[in-house]
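This is what each chain is made of:
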Amino acid sequence: MSTIHFEAVSQSFGDRTVLRDVNLTLTEHRIGIIGANGSGKSTLVRMINGLVTPTSGTVTVDGLNVARRAREVRRRVGFIFTNPDNQIVMPTVQEDVAFTLRRRGLSPAEIAERTAAALEQFGLAAHADHPAHRLSGGQKQLLALAAVLVAEPATIVADEPTTLLDARNARRIGELLHTLPQQVIVVTHHLHLVEDFDRVIVIEAGEVAADGAPAQALATYRDLVQ
Amino acid sequence: MIGLYSPGTSFVHRAPTLLKLVLLSLCIVVIGLSPDLRVVGGAAAGVVLLFVVARVPLRAATAQIAPILLILVVALPIQGFLSGWLVAALMAGRLLVAVALAALFTMTTTVTAVLLAFQTLLRPFRRFIDADRVGLLVALTIRCIPLVADIVREVMEARTARGTRGSLMSIAVPVVVRSLYAADALGEALVARGLDD
Amino acid sequence: MTDPVRATAPTRRILPARDLAQIAIFAALIAALGLPGPLNIGPVPITMQSLGVMLAGAVLGPRKGSLAVLLFLVLTLLGLPLLAGGRGGIGVFTVSPAAGYLYGYLFGAFVTGYLTARLMPKYSFLPALGATILGGIVAVYLIGIPVMAMNLALPLWTALGLNVAFLPGDLIKVVVTVLVASQVHRAYPGLITPPQRRTARN
């Protein structure tokens, strides 16, 4: 598993402080991050692949400073967004997966092969040439996962990946996240999703309010929101 | 996205895209310079023949050419009155032939093939234009059309749900603002997915 | 090992991903505005597309705005049926009487954006109206009318006369553009960087 290290990380947008002096070292296989809306958890995970650069402090992935070497870090860390519609950037299912593999020195044949394998793995092979926007919400999130995993990242960061899905599709994506060999960091409001994770971190008002085994962290969170 | 392409296997479909482009340009220049109605008439017959060979559906062909007929209804009498009926007929014939030929090219060539042909044409200018990036932007925009269409539909539905019969403004402002937010999210995804890496 | 990093990372590319996304989304918006079907009056179909073109300049500024229009035109050129009435392909850019309007759109979006950028950060009604008339009507007609005269082999004045029919519609679109853009700039500031600030930074 990768080692993700937050050192004295703070973030403010204008005069609004979003994160305050966060220190964390993430090494576990499956890590859940929970917290109220606006608590700063989305900003926190965006720092892992350089989508947000901290106002002060340092984030490193396997010793690489994300702010300086975002390109190398992004090859190790894949990101899943809440709304798959905004994550799909190419017209057809297959083109969207292949987009991830550009600029990696692969031959067109290799790209086609790996794309086909990823679509097969996520049950999208029959839709390869279909327009991506015609997929169902659950299929779109599967496509987003396929497009990230085709690059074989070491770590997957997912920001509320099940929030916009119906119960059945949410469960399906949740099960997938449980079976991935990759390190998985999930931000979510669906608490049952992280109940059997290795570690759960509670973010409250820009600070770490609880951090540890799921049972203990979830109990703290439930007390907080009472 | 299939666009205006009408699938087929005729030699018009199979001819190399760049060759078709060159021939099209040549024809338009020759017809444009010819002062002879017979040349234009012959060209028109040739174009009809090509349409038949290519088996382009009549309706699709009409949709592309009909607007020109409409324009000619207005322009032809003015033209005939101002500079004589021979000149008017020449102008009308040239325009029809040129528009029909261009439509034939578009209807027998896939969007991907046209894109590749233009990327080839751009290659000598690679110091100024990155042809791959142009291709990427084209694909990104094709992806964005249903995204924006969804935004327009949702804004219209929200307006109906609230029961307000608002003006054009009450649609346009939320559509533009929400499109800009979608662009933010899309930009973030492009970065995360390694657009510039 | 602590090295505080500034919040704004330096951009290596000429066009950052967000600008690229704004350009693509606006090109798509112009395309989407052509979908409902045109009102064919006279030689050039009246559509909401020219509203999209004016908005591109007034909302995104000269660079992003004209690139969005350019991208829309490239898609049409490639054979997508994006022009009102489902037309497209190379014919509409060369031999069609309305071909000049398409180039005029490009120039018009640039002029609208350029003049709007000089007004920013204050987007007040009357100056914005002037900027949008110059870009969205004058600049578009400047290229559109001569090309129409050429492609129909008509005298320039006759072509000009044929275009008078579009003026009321275009004026309404200008007003709508300015009203929409002023609300958009309030809801989403920072879309257009005024030219003065840009030179000050260099």
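Keep in mind that what you see is a predicted model, and the values were worked out from it rather than measured. Residue positions within a chain follow its written sequence, with the count starting from 1. Note on labels: chains are lettered from A, ligands numbered from 1, in written order. The predicted nature of this model means local features are confined to residues of pLDDT at least 70 and side-chain atom pairs, given and counted, to a pLDDT of 80 or more, with totals for whole chains, interfaces and linings taken over all residues. Values shown for side chains rest on all heavy atoms present in the structure; no hydrogens or waters enter the calculation.

Considering the overall build of chain B
Strands are runs of DSSP state E lasting at least two residues, helices are runs of H or I lasting at least four, and both sets are numbered from the N terminus onward. Counting secondary structure elements, chain B contains eight helices and zero strands. Walking chain B from its N terminus toward its C terminus, one meets helices and strands in the order α-α-α-α-α-α-α-α. Against the 2.2 N^0.38 benchmark of 16 Å for 197 residues, chain B shows a C-alpha radius of gyration of 23 Å, more extended than a compact globule. Considered along the principal axes of its C-alpha atoms, chain B spans approximately 60 × 45 × 35 Å. Within the span of chain B, comprising 197 residues, buried residues form 46% of the whole. Note on contacts: a residue pair qualifies if any of its non-hydrogen atoms lie within 4.5 Å across the two residues. Of all intrachain contacts in chain B linking residues separated by at least 6 positions in sequence, the fraction that spans at least 24 positions is 70%. We score Asp and Glu as negative and Lys and Arg as positive, and we do not count His or the chain ends. A charge is said to be at NZ when it belongs to Lys, at CZ for Arg, at CG for Asp and at CD for Glu. Both charge centroids of chain B, one from 17 positive and one from 10 negative side chains, sit 12 Å from each other. Atoms counted for the radius of gyration: C-alpha only. Globule rule: 2.2 Å times residue count to the power 0.38. To sort residues, take the accessible area from a 1.4 Å probe on protein chains only and compare it with the maximum for the residue type: under 20% means buried, over 50% means exposed, and anything in between is partly exposed.

What about the domain arrangement of chain B?
Domain annotation for chain B reports domain 1 (1-109) and domain 2 (123-197). Reported domain spans reflect what an automatic or database domain assignment gives. Here the C-alpha centroids of domain 1 of chain B and domain 2 of chain B sit 34 Å apart.

So, the interface of chain A and chain B
Listed per partner, the contact involves 23 residues of chain A and 20 residues of chain B. Any Lys or Arg side-chain nitrogen located within 4 Å of an Asp or Glu carboxyl oxygen qualifies as a salt bridge. Remark: the boundary between chain A and chain B carries three salt bridges. When the shortest N-O distance is used, the salt bridge between B:E188 and A:R46 registers 2.6 Å. N or O atoms closer than or at 3.5 Å make up a polar contact, with two conditions inside protein: a donor-capable atom paired with an acceptor-capable one, and, for residues adjacent in sequence, both atoms drawn from side chains. The interface formed by chain A and chain B holds seven residue pairs in polar contact (both at pLDDT 80 or more) in total.

What about the packing of helix α8 (residues 168-192) of chain B against helix α7 (residues 167-187) of chain C?
When two helices pack together, their arrangement is given by the angle between the helix axes and by the axis-to-axis distance. Axes, fitted as lines to C-alpha atoms, cover a helix only where it is in contact. Angles between the N-to-C directions of the axes lie from 0 to 180 degrees. It is at 9 Å that the axes of α8(B) and α7(C) come closest, and there the two elements cross at 45 degrees. Comparing the axis directions of α8(B) and α7(C) gives the class oblique. Considering the relative orientation of α8(B) and α7(C), their crossing is right-handed. Contacts between α8(B) and α7(C) involve B:L168, B:M169, B:A172, B:V173, B:V176, B:V177, B:L180 and B:Y181 on the former and, on the latter, C:V176, C:L179, C:V180, C:Q183, C:V184 and C:A187. Nonpolar residues are Ala, Val, Leu, Ile, Met, Phe, Trp, Tyr, Cys and Pro. Charged residues are Asp, Glu, Lys and Arg, and all others, Gly as well, are polar. The residue inventory of the contact of α8(B) with α7(C), partitioned by class, reads 13 nonpolar, one polar and no charged. Angles below 35 degrees are treated as roughly parallel, those above 145 as roughly antiparallel, those between 65 and 115 as roughly perpendicular, and all remaining angles as oblique. Left-handed is the label given to a crossing in which the near helix is rotated counterclockwise from the far helix by less than a right angle, and right-handed is the label when the rotation is clockwise.

Re the interface of chain B and chain C
With 58 residues of chain B at the contact, the number on the chain C side is 55 residues. Each partner contributes to the roughly 4800 Å² buried at the junction of chain B and chain C, and carbon and sulfur atoms together form 82% of this total. Among the salt bridges present, the one from B:D184 reaches C:R18, with a minimum N-O distance of 3.4 Å. If you look at where chain B meets chain C, you find four residue pairs in polar contact (both at pLDDT 80 or more). Breaking the side of chain B that touches chain C down by element, the ones donating at least two residues are α2 (17-33), α4 (58-83), α5 (85-107), α6 (111-122), α7 (131-162) and α8 of chain B. The biggest single contributor to the side of chain B that touches chain C is α8(B), with 17 residues. For the side of chain B that touches chain C, the per-class residue count stands at 47 nonpolar, seven polar and four charged. Put simply, buried area is the surface a 1.4 Å probe can reach on two separate parts but cannot reach once they are joined, added for both.

Remarks on the nonpolar core
The definition of a nonpolar core used throughout is a set of buried Ala, Val, Leu, Ile, Met, Phe, Trp, Tyr and Cys residues joined through side-chain atoms within 4.5 Å. In this structure, B:F51, B:V176, B:L180, C:F26, C:V59 and C:V180 are the most contacted members of the largest nonpolar core, which totals 126 residues. Both domain 1 (1-109) and domain 2 (123-197) of chain B contribute no fewer than three residues apiece to this core. The residues touching B:V176, leaving out its near neighbours within four places in the chain, are C:F26, C:L29, C:L55, C:V59, C:V180 and C:V184. Judged by nonpolar contacts, the second largest core, of 42 residues, contains A:I80, A:I88, A:A147 and A:V200.

Overview of α7(B)
All names here are of chain B. Between the first and last residue of a helix there are one fewer steps than residues, each counted as 1.5 Å, and that sum is the expected span. Here α7 contains 32 residues, and its C-alpha end-to-end distance of 46 Å stays within 8% of the 46 Å for a straight helix at 1.5 Å per residue. Maximal helix bending in α7 amounts to about 25 degrees, located at C144; proline P146 follows within four positions. Measuring from the side-chain oxygen of the N-cap residue of α7 to the backbone nitrogen of D132 gives 3.1 Å; that N-cap residue is D130. Note on bend: the value at a residue is the angle between axes fitted to the seven residues ending there and to the seven starting there.

Structural notes on the pairing of strand β9 (residues 199-204) of chain A
All names here are of chain A. For β9, a buried count of five out of six residues is recorded, marking the element as mostly surrounded by other parts of the structure. Both strand β3 (residues 30-34) and β9 contribute to a ladder of four bridges, which runs parallel. When the sheet's bridge partners are listed, I34 is paired in β9 with V202. Of the strand pairs in this sheet, β9 and strand β10 (residues 207-212) are connected by five bridges, and their pairing is antiparallel. Residue V202 lies in a different strand from β10, and its bridge partner there is A210. At least two bridges found by DSSP between two strands are what make those strands a pair.

Here's the deal with the sheet that holds strand β1 (residues 4-13) of chain A
Residues and elements named next belong to chain A. Strand order in this open sheet of four strands is β2-β1-β4-β5, and the pairing throughout is antiparallel. Two strands in the sheet have a free side with no partner beyond their single neighbour: β2 (16-26) and β5 (64-65). The pairing of β1 with β2 spans seven bridges and is classified as antiparallel. Residue pairing for β2: F13 is matched across the bridge by R16.

Considering the pattern of salt bridges
Inspection of the entire model under this criterion finds 18 salt bridges over all chains. Across the salt bridge formed by A:R199 and A:D211, the nearest N and O atoms sit 2.8 Å from each other. Of this pair, A:R199 sits in strand β9 while A:D211 sits in strand β10; the two residues are twelve residues apart in sequence, bridging distant segments of the chain. A:R199 sits in the buried class, given a relative accessible area of 9%. In this structure, C:K173 and C:D170 form a salt bridge, with 3.7 Å as the shortest nitrogen-oxygen distance. Highlighted residues: C:K173 and C:D170, both in helix α7, separated by three residues, approximately one helical turn. Judged by its relative accessible area of 10%, C:D170 is buried. Salt bridges sharing partners connect three or more residues here, namely A:E28, A:R199 and A:D211.

Overview of the packing of aromatic side chains
Residue and element names in this part refer to chain A. Think of it this way: a Phe, Tyr or Trp ring, Trp meaning its six-membered ring, pairs with another when their centres are within 6.5 Å, and the plane angle makes it stacked under 30 degrees, edge-to-face over 60, tilted otherwise. Considering all chains together, one arrives at five aromatic pairs over all chains under this definition. Taken together, a centroid distance of 4.7 Å and an interplanar angle of 45 degrees make the contact between F79 and F81 tilted. In terms of burial, F79 and F81 fall into one category: buried.

Structural notes on the side chain of B:R143
Structurally, the position occupied by B:R143 is in helix α7. Classification of B:R143 as buried rests on a relative accessible area of 2%. A polar contact of 2.5 Å, which involves the side chain of B:R143, links it to the backbone oxygen of A:D85. Once residues lying within four places of it in the same chain are set aside, the contact partners of B:R143 are A:D85, A:I88, A:V89, A:M90, A:P91 and A:H133.

Let's talk about the sheet that holds strand β6 (residues 77-80) of chain A
Residue and element names in this part refer to chain A. Spatial ordering of the open sheet is given by β6-β7-β8-β3-β9-β10, a layout of six strands whose pairing is mixed. Only two strands of the sheet have a single neighbouring strand rather than two, namely β6 and β10. Each neighbouring strand pair of the sheet contributes to a mean axis angle of 15 degrees, computed without reference to strand direction. Across five bridges, strand β7 (residues 155-159) lies against strand β8 (residues 183-187) in parallel orientation. If you follow T155 over to β8, its bridge partner there is Q183.

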